[in-house]
Amino acid sequence: MKSKEVLKHLCTSTGISGEETSVSEIALTYLKQYAQEAYIDEFNNVIGVIKKAEKNQPSILLDAHIDEIGMVVTYIDSNGFLRVSNCGGVDRRLLLGQQVTICAKQTIPGIIATLPPHLTGTEEKKVPDIDDILIDIGMSYQEAQKVVRLGDRVMIHSEFCDLLGSRISSKALDDRCGIVAILEALEQLKDKELHCGLTVLFSAQEETGERGAAIASYELNPDIALAVDVSFAHTPDARAHQCGKLGKGVMIGIAPTLNKKVYQKLIALAKAQQIPFQEEVMGGKTGTNADVIGVQHGGIQTGLLSIPLKYMHTPIEVIDINDLESVSNLLAQYILSFGGAK
């Protein structure tokens, strides 16, 4: 599998929380290459059954969320400007002057309006509330209401960019890179005999409350789950002890809300297989799908693997492709550890 090409295909697709249909269909085509059964449920979750558990075998779920942050149209004013609210944790500091795409009946380009610096006073220099953002699509009110509906999603324009070395920049790397990590693990497992049940979930609406993962994991009810997401990579303005490092491998989550046996096994496997890894210690919830998956039914043993990422929730997120590969390798080794391969 050409991981970078798949990642670009996913990241340049549209899939803002609650409107993941387009990217879910793309992800489904990739997942079908490995699954006995694959489908999209009513909530835009993409689910693939790789192998059903046989008697006395554990059932394992691999999860990564498919949605991305964005905005939603709330109002069209009398001048044809659009007002919006956020879908997920949009960084308002970045919005003014940005180019956007309105995902309406047709894709419509727009720009987020901003006063030129010559005309701004002290008050105008403050970060605006999301309700004060205006999007100019170059239309009158009458024209705009014919093509834009309240509830249409808005996506900040971004280009998929190869940086020097093994680094990549794009929107929606959170968490489309997690999806590619799982697909790459399935590629490694495709000719192996598995001694566990294996199901894959590309979950919707993580950015708006982990809803897709809660719904699907309750329905699937695995014995063990591994959530794959992104976490903070160190930048010069951040505290080093609270971040991972790009290029230093998978971040293995350690937290009260994660299963100790699961993360201890992940660490042991990474050491035994010489897979680069970092330990990520959290004092409470992880802020990922692992939090909701772990409390379904009578409780699901849940672990968390994260890919270090710079500039989270911006149009210029950055990862190192080597870290993605370390996640894939550890996922594959974890699955094979249940009886190994013949």
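Up top is the structure these notes are about.
Everything numeric here is computed off the predicted structure, so don't read it as measured data.

Calculation rules
Residues numbered from 1 in each chain as written. Predicted model: local features only at pLDDT ≥ 70, side-chain atom pairs only at ≥ 80, totals over all residues. Heavy atoms only, no water. Salt bridge = Lys/Arg side-chain N within 4 Å of Asp/Glu carboxyl O. Buried < 20%, exposed > 50% of the residue type's maximum accessible area, 1.4 Å probe, protein only. Helix = DSSP H or I, 4+ residues; strand = E, 2+ residues; numbered from the N terminus. Disulfide = S-S within 2.5 Å. Core = buried A, V, L, I, M, F, W, Y, C linked by side-chain atoms within 4.5 Å. Contact = heavy atoms within 4.5 Å. Pairing = 2+ DSSP bridges. Expected span 1.5 Å × (residues − 1). Axes fitted to C-alpha atoms, helices over the stretch in contact; angles between N-to-C directions. Parallel < 35°, antiparallel > 145°, perpendicular 65-115°, else oblique. Nonpolar A, V, L, I, M, F, W, Y, C, P; charged D, E, K, R; others polar. Lys, Arg positive; Asp, Glu negative; His and termini not counted. Polar contact = N/O pair within 3.5 Å; in protein donor to acceptor, adjacent residues only side chain to side chain.

Engineer: Tell me about the pattern of salt bridges, and please be specific about residues and values.
Structural biologist: In the structure shown here, the tally under the stated rule is eight salt bridges. Of the charged contacts, one joins Lys51 and Glu54 as a salt bridge, the two residues approaching to 3.6 Å between their closest N and O atoms. Judged by relative accessible area, which is 14%, Lys51 ranks as buried. Since its relative accessible area comes to 49%, Glu54 is described here as partly exposed. The salt bridge involving Arg167 is made with Asp320; its shortest N-O contact spans 3.8 Å. With a gap of 153 residues between them, Arg167 in strand 11 (residues 167-170) and Asp320 in strand 17 (residues 317-320) connect regions that are remote in the sequence. Here the residues in one salt-bridge network are Glu68, Lys171 and Arg176, joined through shared partners.

Engineer: Any details on the state of the cysteines? Residues and values, ideally.
Structural biologist: The final tally for this structure, using the stated rule, is zero disulfides. Unpaired in this structure, Cys161 has its nearest cysteine sulfur neighbour in Cys11, at a distance of 12 Å. For Cys161, a relative accessible area of 32% translates into the label partly exposed. In this structure Cys243 is a free cysteine whose sulfur lies 16 Å from that of Cys177, the closest cysteine sulfur available.

Engineer: Got a sec to walk through the nonpolar core? Specific residues and values, please.
Structural biologist: Within the largest apolar cluster, 69 residues are counted, with the highest numbers of intra-cluster contacts made by Leu7, Phe202 and Tyr334. Examining the composition of this core, we find that 10 residues originate from one element, helix 4 (residues 173-189), more than from any other. Other than its neighbours up to four places away in sequence, Phe202 contacts Ala27, Leu31, Asn44, Asn45, Val46, Ala64, Ile66, Ile179, Ile182 and Leu183.

Engineer: An account of the pairing of strand 4 (residues 70-76) is needed here, citing residue identities and associated values.
Structural biologist: Most of strand 4 is tucked away: five of the seven residues are buried. Sheet topology places strand 4 next to strand 5 (residues 82-87); six bridges connect them, and they run antiparallel. From the neighbouring strand, Val72 faces strand 5, where its bridge partner is Ser85. The turn joining strand 4 and strand 5, which pair antiparallel and follow one another in sequence, is formed by five residues; a positive phi near 90 degrees is taken by Gly80.

Engineer: How would you summarise helix 8 (residues 321-336) if you had to cite specific residues and measurements?
Structural biologist: Taking 1.5 Å per residue as the helical rise, helix 8 with its 16 residues ought to reach 22 Å, and the 23 Å between its terminal C-alpha atoms agrees with that figure. When we look at burial in helix 8, the residues that qualify are Ile321, Asp323, Leu324, Ser326, Val327, Ser328, Leu330, Leu331, Ala332, Tyr334, Ile335 and Leu336.

Engineer: Which residues make up the sheet that holds strand 15 (residues 277-281), and what values do they have?
Structural biologist: An order of 1-2-12-3-13-16-14-15 is seen for the eight strands of this open sheet, with the pairing classed as mixed. Among the strands making up the open sheet, the edge pair consists of strand 1 (37-40) and strand 15. Going from strand to strand, the sheet's axes swing by 25 degrees on average, the running direction of each strand aside. With respect to the sheet, helix 6 (residues 260-272) is in contact with strand 13 (224-232), strand 14 (250-254), strand 15 and strand 16 (301-309), its orientation differing from that of strand 14 by roughly 150 degrees.

Engineer: Could you give an account of the environment of Met139, naming the residues involved and the relevant values?
Structural biologist: Looking at where Met139 falls in the secondary structure, it is placed in the loop between strand 8 (135-136) and helix 3 (141-147). For Met139, a relative accessible area of 25% gives the class partly exposed. Along the backbone, Met139 and Gly80 are 59 residues apart, and their C-alpha atoms lie at a distance of 5.6 Å. Beyond its immediate stretch of four places on either side in the chain, Met139 contacts Asn79, Gly80, Ala144 and Val147.

Engineer: Tell me about the packing of helix 1 (residues 3-11) against helix 2 (residues 21-31), and please be specific about residues and values.
Structural biologist: Geometry of a packed helix pair, given as the angle between the helix axes and the separation of the axes. Contact geometry for helix 1 and helix 2: axes closest at 9 Å, N-to-C directions at 155 degrees. Of the possible angle classes, the one that applies to helix 1 and helix 2 is roughly antiparallel. Here helix 1 contributes Val6, His9 and Leu10 to the contact with helix 2, which in turn contributes Val23, Ile26, Ala27 and Tyr30. Residues that form the contact of helix 1 with helix 2 fall into these classes: six nonpolar, one polar and no charged.

Engineer: So what about the side chain of Asp323? Which residues, and what values?
Structural biologist: By secondary structure assignment, the location of Asp323 is in helix 8. Buried and unpaired, Asp323 has no salt bridge, with Arg167 as the nearest side chain of opposite charge at 7.0 Å. Only 2.7 Å separates the side chain of Asp323 from the backbone nitrogen of Gly249, close enough to count as a polar contact. Among residues more than four places away in sequence, those in contact with Asp323 are Lys245, Leu246, Gly247, Lys248, Gly249, Ile307 and Pro308.

Scope: geometric values only; no functional claims are made or implied.
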